[in-house]
Amino acid sequence: LLSHFDGNRASSITAAQQSLQVAEAGEEPLDRVRAHIALAFAWRNQKVWDVALDHARAAEALARQIADAGQLAWVLCELGQNPRIPNAETRAAEALALFRDLGSEWGEVYALDILAGWAARRGDVLRAAQCYQECLALRQTIGDRLGTIDILVGAAALTVTRGRLETAIQLLAAAAAQLVRA
């Protein structure tokens, strides 16, 4: 998957497919869960929704079978980002609850960001703002400056849709200040 972050998404799919082949040859179900998550992520980023969904569902089934709440939470986030799932937002909310139970602030941030996006898309600006605010507080608590910038920019975009340009400018200025410090 690291190749994905270099911009080489085709290589990330190949690497994840190889990872799944190795995992299937082994006896560790956790390796198969991780490989399916990697493939779901890679295919989702290629916007090949159905293939991504197949891998996410396979990962979900395996994570539930081995009762690994952490992996299940990450799978639910993956499902929560696939627009082909009618209950995607519910899946992201399930992930958030699991991450909270596990005490994973990074997981909470990820799930909250997904939930903010869904709320914004359906026009629930208040809920999106609440998610962004909670996400921002967590990112600041864990010292994630670049993530803080990302949330501030997302919140600014949301305020623009509501015609609140002054607030958007303030949020972008706060993001710029974080960037200078990062």
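For the structure itself, consult the block above.
Everything quoted here is computed from the prediction, not taken from an experiment. (Residues numbered from 1 in each chain as written. Predicted model: local features only at pLDDT ≥ 70, side-chain atom pairs only at ≥ 80, totals over all residues. Heavy atoms only, no water.)

### Examining the packing of helix α3 (residues 29–45) against helix α4 (residues 49–66)
At a minimum axis separation of 8 Å, α3 and α4 run at an interaxial angle of 155°. By the angle between their axes, α3 is roughly antiparallel relative to α4. Of the two possible hands of crossing, α3 and α4 adopt the one that is left-handed. Contacts between α3 and α4 involve Pro-29, Leu-30, Arg-32, Val-33, His-36, Ile-37, Leu-39, Ala-40, Trp-43 and Arg-44 from the former and Trp-49, Val-51, Ala-52, His-55, Ala-56, Ala-58, Ala-59, Leu-62, Ala-63 and Ile-66 from the latter. Classifying every residue of the contact of α3 with α4 by side-chain character gives 16 nonpolar, 2 polar and 2 charged. (Axes fitted to C-alpha atoms, helices over the stretch in contact; angles between N-to-C directions. Helix = DSSP H or I, 4+ residues; strand = E, 2+ residues; numbered from the N terminus. Parallel < 35°, antiparallel > 145°, perpendicular 65-115°, else oblique. Left-handed = near helix turned anticlockwise from the far one by under 90°. Contact = heavy atoms within 4.5 Å. Nonpolar A, V, L, I, M, F, W, Y, C, P; charged D, E, K, R; others polar.)

### Points about the packing of α4 against helix α5 (residues 69–79)
Viewed as axis vectors pointing N to C, α4 and α5 meet at an angle of 155°, and their least axial separation amounts to 9 Å. When the axes of α4 and α5 are compared, the pair comes out roughly antiparallel. Here α4 and α5 pass one another in a crossing that is left-handed. Contact residues: α4 offers Leu-53, Ala-56, Arg-57, Ala-59, Glu-60, Ala-63 and Arg-64, while α5 offers Gln-71, Leu-72, Val-75, Leu-76, Glu-78 and Leu-79. Here the contact of α4 with α5 is composed, by residue class, of 8 nonpolar, 1 polar and 4 charged.

### Quick word on the pattern of salt bridges
Inspection of the entire model under this criterion finds 11 salt bridges. Of the charged contacts, one joins Arg-91 and Glu-60 as a salt bridge, the two residues approaching to 2.9 Å between their closest N and O atoms. Of the two residues, Arg-91 is situated in helix α6 (residues 88–102) and Glu-60 in helix α4; the sequence distance between them amounts to 31 residues. Across the pair, Glu-60 and Arg-91 agree in class, each one buried. (Salt bridge = Lys/Arg side-chain N within 4 Å of Asp/Glu carboxyl O. Buried < 20%, exposed > 50% of the residue type's maximum accessible area, 1.4 Å probe, protein only.)

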